[in-house]
Amino acid sequence: MKKRPARWLVLAPGVMLSLLMCLGVNTASAQQYQVESDTLMRFFQRDTLAETDVSVWPLYEYLRADANVDGVQGLSFHLYGWGRADLGDGNYYEDDTDAKLLYGYVDYRAEQANFLVRLGRQYVFSGIANESLDGVLVQSDLGPMASFSAYGGLPVALDTQNGRSGDVLYGGRFSLHRGTLYDLGLSYKKSENDSETYQERMGVDLALGLWSGIQFNGLSVLNVDSSGWAEHSYELRIPVRSVTIRPYYQSFVYEDYFGTSPSGVALFNALAARGNATLSILGGDVNWYNGGRINAGLKVKSISNDSNGEDALYYGGLLSLSGEGMNEVGAELGYMDGDSSDNSYLLARAYFYLNRMPRLAAGAFVSGDLVYALYDEAIYGEDYSLFASLGLGTKFLHDSLQVKISGDYSQDPYFDNDLRGMLVVSYLFGR
Amino acid sequence: MSRFPLHMETMMEKKNLLLLLACMALLSLIAACAALDSGTTLPTAHPEDLGKGNPTCTQCHEARVGTMNYQRFNHTANFLATHRMEAYQNEQLCAMCHQTSFCNDCHATRVELKPSIKNQSETYRSMPHRGDYLSRHRIDGRLDPTSCFRCHGSPKSATTCVPCHG
């Protein structure tokens, strides 16, 4: 399978530029637009099969454009994509250049009924769908008690085999709701890869607003293809003054949850082959936040996986303190207590982000991050990973231009004394 | 390999064409029904610019008002792990404050950079996979691979995994 990134790289910015030019030419008719460009320059060294300590200089560009179309109330246009070119000479990447158009769609909203139509490449988050689609989405209320959304087109994720012939994706969600009392949704999704069913799922989701602010959320997903329940996830959110307690339960059946057509990902097909083994998770979180400067949380999660007989208990806590502006310091500590030592690790993190300091210019910040993991059983002879990062940045031109630099250090089972650097230039303009 | 988002030949395939027609029919039907107003249309953008930092909706809004359960959307310290149901049921609400590009740092058919690398200096955000995840992922993956499947379950979003996992 030969990629054609070079062509894409010419194409994608070309498309974007011409669209921008259209916007520029028509500024009189384009009422409002916004363009955001993030340029990332990274630097690190890697060993390739042929050489050691090859310098890698990937340059990334992320471009987003949004525009309202004048004359047509509710009509807007949205575009987002990224591209990368390695300016080093080490052949670290399979291809020196790569690019993806993540979305590019026209969006129409009516003033009534939350009516929405989207046409083009877009992400669909609805019911059981978390998909990238080249096609159309329609969404509307049906009176005060019901709503629906429906979508159809080509699945973007499945064009790697045999192109797009025989590929299709469609589905929708119908929901009944009343105030904050309940929202009950029924969804369906089907995708085909090369004329074979890739996934066919049905889902029921329910949100119930109970007494004293207590909330119930539930989701069950049926694999229509194998006629088995893939997933059940339920949670309660119980607010008690400034504390929210969230007990939850989830269960999954391997073949029904991971099952796709054989054209799916080998790694997950292997998991699906574990048949009707189940995974169940029982957990709870407690979050404390009193509207002030302290935020604290505790988590417990018990995992029981009978696909490989591995059980584990994770427990941890986090604490953050915030001050003026975005000043924040925080720490997190947790332990994954696996039945076997190769499934156990301790995880610790501490960070800061400061943008209101005596000597710091307005718009400037300094940040730091430290992540440490200690493995009960060594991985490739190393029993810990240590990651540290320092960053600083500032803003210019009435905050429309931001420049950030950061340096990372890592000592871990995969990398020895690894140093990486990154320069980010973000530019936002609009009218 | 297709090079264009909407490749004409394949688009013209009978099945897809039928599907598109069905969608169009549905669309016009709905347009006719658009009179079915709910009376609670969301603004397209949140009236107040919230800047950076995870918002607690109930700081400014009552817990439950009319059709809105604001409490549900509080971006708590654990929101990263819990926003799933909120997003499935209320994507239009998220879109009031978030461009899809924001979600795409973590949810995309294919991005190359880990979200925590792309936003390395935003240390106040609770990104997944922080630090050296290559070593840790095998443990998380052995114990509970379900969330991995949601984000890496398609041939494209598993590009990074293929060199080691086939």
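See the structure above.
Criteria and thresholds
- Residues numbered from 1 in each chain as written.
- Chains lettered and ligands numbered in written order.
- Predicted model: local features only at pLDDT ≥ 70, side-chain atom pairs only at ≥ 80, totals over all residues.
- Heavy atoms only, no water.
- Helix = DSSP H or I, 4+ residues; strand = E, 2+ residues; numbered from the N terminus.
- Buried < 20%, exposed > 50% of the residue type's maximum accessible area, 1.4 Å probe, protein only.
- Expected span 1.5 Å × (residues − 1).
- Bend = angle between axes of the 7 residues up to and from the residue.
- Phe/Tyr/Trp six-rings, centres within 6.5 Å; stacked < 30°, edge-to-face > 60°.
- Lys NZ or Arg CZ within 6 Å of the ring centre and 35° of its normal.
- Salt bridge = Lys/Arg side-chain N within 4 Å of Asp/Glu carboxyl O.

> Is there a simple way to think about the environment of Val 136 of chain A in this case?
Residues and elements named next belong to chain A. Mapped onto the elements of the fold, Val 136 is located in strand E7 (residues 129-141). Overall, the relative accessible area of 2% leaves Val 136 in the buried class. Between the C-alpha atom of Val 136 and that of Gly 152, which follows or precedes it by 16 residues, the distance is 5.7 Å.

> It is not clear to me how helix H3 (residues 79-97) of chain B should be interpreted in this structure. Could you clarify?
Two residues of an α-helix separated by three or four positions point the same way, owing to the 3.6 residues in each turn. Residues and elements named next belong to chain B. Compared with the 27 Å implied by 1.5 Å per residue over 19 residues, the 15 Å span of H3 between its first and last C-alpha is markedly short. Along its length, H3 reaches its greatest deviation from straightness, about 100°, at Asn 90. For H3, the complete set of buried residues consists of Phe 79, Thr 82, Met 85, Glu 86, Ala 87, Tyr 88, Gln 89, Asn 90, Glu 91, Gln 92, Leu 93 and Met 96.

> Please clarify how the packing of aromatic side chains should be interpreted in this entry.
Where two aromatic rings form a pair, the distance of their centres and the angle of their planes describe that pair. Residue and element names in this part refer to chain A. This model, assessed by the stated rule, comprises 25 aromatic pairs over all chains. A ring pair is formed by Phe 43 and Trp 57, whose centres lie 4.3 Å apart and whose planes are at 40°; its orientation type is tilted. Remark: Trp 57 occurs in the loop between strand E2 (54-56) and strand E3 (58-69) and Phe 43 occurs in strand E1 (residues 30-46); sequence separation between them is 14 residues. The class for Phe 43 is partly exposed, based on a relative accessible area of 26%. One aromatic cluster is present, formed by Tyr 60, Tyr 62, Tyr 80, Trp 82, Tyr 103 and Tyr 105 through successive ring pairs. Over the face of the ring belonging to Phe 415 we find Arg 46, whose NZ or CZ atom lies 4.0 Å from the ring centre. Above the ring of Tyr 93, the side-chain terminus of Arg 84 is found at 3.6 Å from the ring centroid.

> Sorry, what's going on with the pattern of salt bridges here?
Close approach of charged atoms lets side chains of opposite charge pair. Across all of its chains, the model carries 28 salt bridges over all chains by this definition. A salt bridge links Arg 356 of chain A to Glu 324 of chain A, with the shortest nitrogen-to-oxygen separation between them at 4.0 Å. Within this pair, whereas Arg 356 of chain A is found in the loop between strand E19 (345-354) and strand E20 (365-379), its partner Glu 324 of chain A is found in the loop between strand E17 (310-322) and strand E18 (328-338), the two being separated by 32 residues in sequence. On the basis of relative accessibility, which here comes to 47%, the residue Arg 356 of chain A falls in the partly exposed class. Here Glu 324 of chain A falls in the exposed class, since its relative accessible area comes to 51%. Across the salt bridge formed by Lys 118 of chain B and Asp 105 of chain B, the nearest N and O atoms sit 2.8 Å from each other. Of the two residues, Lys 118 of chain B is situated in helix H5 (residues 115-118) and Asp 105 of chain B in the loop between helix H4 (100-104) and H5; the sequence distance between them amounts to 13 residues. The exposure classification of Lys 118 of chain B matches that of Asp 105 of chain B, with both residues buried. In this structure, a network of salt bridges that share partners links the residues Glu 235, Arg 237, Arg 246 and Asp 285 of chain A together with Arg 72 and Glu 86 of chain B.

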